[in-house]
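Structural overview
Below are the chains, spelled out letter by letter.
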Amino acid sequence: MKYNKFFRKMSFIICIMLLFFNSQIFSIAKEFDVNAKSAILIDADSGKIIFEKNSHEKLPPASVTKIMTMLLAMEALETKKISLQDKVVISERASSMGGSQLYLEPGEEKTVEQLLKGIAVASANDACVALGEYIAGSEELFVKKMNEKAKELGMKDTQFKNTNGLPEEGHYTSAYDIAVMSRELLKYPQIHKWLTIWMSTMKVGKRKQSTLELTNTNRLIRTYSGANGIKTGFTQEARYCLSASATRNNLTLIAVILGAPTSKIRFQETKKLLDYGFANYNSVLIAKKGEIIDKVCVEKGKVDKINVIAKEGLKVLVKKGEEDSVKKEVILPKMIKASIQKNEKVGEIIVYDSNGKEIGKVDLVAQRAVDKASMLNMLGKILKNVPK
């Protein structure tokens, strides 16, 4: 009987503990639920996911589509296929786009920079089509490039049907894929010039010009500390969408909201995600792109040593208070044989957390090329080292 009473008491205590534990989990989950169909929060540098909700659900993205349009434009600028000063003649098709627009007229000329500004600030549908036509030759060919880029980036939940996100059957993406292309867009420093404009003006019209007032559709640019992008979206089908980025100290976060019920809720929930990230995480800088990490001896080269630099910048995401637990290992040979090409990989930095788990890696490359030394070079080195 005593044993039965003991077990009954223990069972009761265990049940109470389980109920309490479950209620704690529920309260935390409920407190941090996001009022949207889908959401994600990532670290822009590492791509690490901090929070997600239905992040791979295929949904209409509305004008958030334009992130990919801007990304392809930035790529074309980097490869010098186009320049910011190039004049683009507006087509009938581009001019016919409804929704948010610059009210461009057929035959009107705008520079690539003006079109990018119109897309980034005013979410201009007509500017998207005009820019796509100019880069690829037609909107259809540009959309093909959009889907090819999506595949290249590993965006498996995406299919684009147009350049601007206007409603079209079969046009969809996911919060995760939007975070991926947003992260890629932010790698171009120049894009921030347009993404961070709050208000501006633009002269539009062919026969009779007028001044169009432009106001950024992403109001976080004005109201949220550190906000620096990226794109809003709305259609009746998609509801209210947003991909937002913000930077504080070394940490850049990207928050994506899809299918929020109202515009106010869209911005509230995005701020909630960003606030959570900045309150709980830090980014530790391991190496800057091009930073000299060490020197390595060169065997049978025209020079005896070369600088070794970081191929890319590397930051790692850690919880606040755990910054000092990050350990890095620099792996380099004592000597490398000539010849060596500029930017040839010669080593790497690997970063570990407190448990010894790898959390980051960057290649170390030769800062310059080194040719093999000729017999004359070798003789000169020997004579140089002969004691006088």
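Read on for an overview of the structure. (Residues numbered from 1 in each chain as written. Predicted model: local features only at pLDDT ≥ 70, side-chain atom pairs only at ≥ 80, totals over all residues. Heavy atoms only, no water.)

On to the nonpolar core. Core analysis: the biggest nonpolar cluster contains 66 residues, and Met 68, Leu 102 and Leu 116 have the highest contact counts within it. Sort the elements by how many residues they give to this core and helix H2 (residues 66–78) lands first, with nine residues. Setting aside its immediate chain neighbours within four residues, Leu 102 contacts Gly 118, Ala 122, Ala 124, Asp 126, Ala 127, Met 202, Val 204, Leu 212 and Leu 214. Residues Ile 50, Leu 273, Leu 274 and Leu 317 belong to the second largest nonpolar core, which totals 27 residues. (Core = buried A, V, L, I, M, F, W, Y, C linked by side-chain atoms within 4.5 Å. Buried < 20%, exposed > 50% of the residue type's maximum accessible area, 1.4 Å probe, protein only. Helix = DSSP H or I, 4+ residues; strand = E, 2+ residues; numbered from the N terminus. Contact = heavy atoms within 4.5 Å.)

So, about the environment of Trp 198. Assignment of secondary structure puts Trp 198 in the loop between helix H8 (192–195) and strand S5 (199–204). Given a relative accessible area of 23%, Trp 198 falls into the partly exposed group. The sequence separation of Trp 198 and Thr 215 amounts to 17 residues, and the corresponding C-alpha distance is 5.8 Å. The residues touching Trp 198, leaving out its near neighbours within four places in the chain, are Leu 214, Thr 215, Asn 216, Asn 218, Arg 219 and Arg 222.

For H2, with 13 residues, the first-to-last C-alpha span of 18 Å sits near the 18 Å given by 1.5 Å per residue. For H2, the set of buried residues is Lys 66, Ile 67, Met 68, Thr 69, Met 70, Leu 71, Leu 72, Ala 73, Met 74, Ala 76 and Leu 77. After H2 finishes, the residue Lys 80 shows a positive phi value of roughly 65°. (Expected span 1.5 Å × (residues − 1).)

A few words now on the environment of Cys 128. Note on placement: Cys 128 falls in helix H5 (residues 125–136). A sequence separation of 31 residues divides Cys 128 from Met 97, and the C-alpha atoms of the two residues are 9.6 Å apart. In contact with Cys 128, not counting residues within four places along its chain, are Lys 66, Thr 69, Ile 119, Thr 163 and Asn 164.

Here we have five strands laid out as an open sheet, ordered S2-S1-S9-S8-S7, and antiparallel in their pairing. Looking at strand neighbours, the two that pair on one side only are strand S2 (49–53) and strand S7 (227–235), the edges of this open sheet. Strand-to-strand, the axes of this sheet are offset by a mean angle of 5°, without reference to chain direction. Judged from the eight bridges that link them, strand S8 (residues 239–248) and strand S9 (residues 251–260) form a sheet pairing that is antiparallel. Within the sheet, the bridge partner assigned to Leu 242 lies in S9 and is Ile 257. Running at roughly 150° to S9, helix H10 (residues 263–280) makes contact with strand S1 (38–43), S2, S7, S8 and S9 of the sheet. (Pairing = 2+ DSSP bridges. Axes fitted to C-alpha atoms, helices over the stretch in contact; angles between N-to-C directions.)

Before going further, it helps to examine the sheet that holds strand S17 (residues 358–366). Strand order in the open sheet formed by six strands is S14-S16-S17-S12-S11-S15, with mixed pairing between adjacent strands. Strands with a single pairing partner mark the edges of an open sheet, and in this sheet they are strand S14 (327–331) and strand S15 (335–337). Each strand axis lies, on average, 35° off the axis of its neighbour in the sheet, ignoring direction. As judged from the three bridges shared by strand S12 (residues 305–310) and S17, these two strands associate in the antiparallel manner. Directly across from Ile 309, in S17, lies its bridge partner Val 365.

Here we come to the pairing of S2. One ladder, built from four bridges, connects S1 with S2; its direction is antiparallel. Each residue of the ladder has a partner; that of Ile 40, found in S2, is Glu 52. Adjacent in sequence and paired antiparallel, S1 and S2 are bridged by five residues, among which Gly 47 carries a positive phi angle near 80°.

Among all residues except glycine, the phi angle is most often negative; among peptide bonds, the trans geometry is most common. The omega torsion of the bond from Gly 229 to Ile 230 falls at 10°, within 30 degrees of zero and hence cis. In this structure, Ile 230 sits in strand S7. Of the consecutive residues Ala 338 and Ser 339, the connecting peptide bond is found in the cis state with omega at 5°. With respect to the helices and strands, the residue Ser 339 is situated in the loop between S15 and strand S16 (345–352). One non-glycine residue, Ala 62, lies in positive phi territory at about 55°. Note that Ala 62 resides in the loop between S2 and H2. One non-glycine residue, Lys 80, lies in the positive phi region at around 65°. Residue placement: Lys 80 occurs in the loop between H2 and strand S3 (87–89).

Moving on to the pairing of S12. The buried count for S12 comes to five of six residues, which makes it a mostly enclosed element. Pairing analysis gives five bridges linking strand S11 (residues 292–299) to S12, with the strands arranged antiparallel. The residue of S12 that forms the bridge with Cys 297 is Lys 305. Taken together, S11 and the strand that follows it, S12, pair antiparallel across an intervening segment of five residues, in which Lys 300 is found at a positive phi of about 55°.

What follows covers the pattern of salt bridges. Here the structure, examined in full by the defined rule, presents 13 salt bridges. Its salt-bridge partner being Lys 193, residue Glu 113 comes within 2.7 Å of it at the nearest N-O pair. With Glu 113 in helix H4 (residues 112–122) and Lys 193 in helix H8, this pair connects stretches of sequence that are 80 residues apart. Relative accessible area serves as the criterion here: at 22%, Glu 113 is assigned to the partly exposed category. (Salt bridge = Lys/Arg side-chain N within 4 Å of Asp/Glu carboxyl O.)

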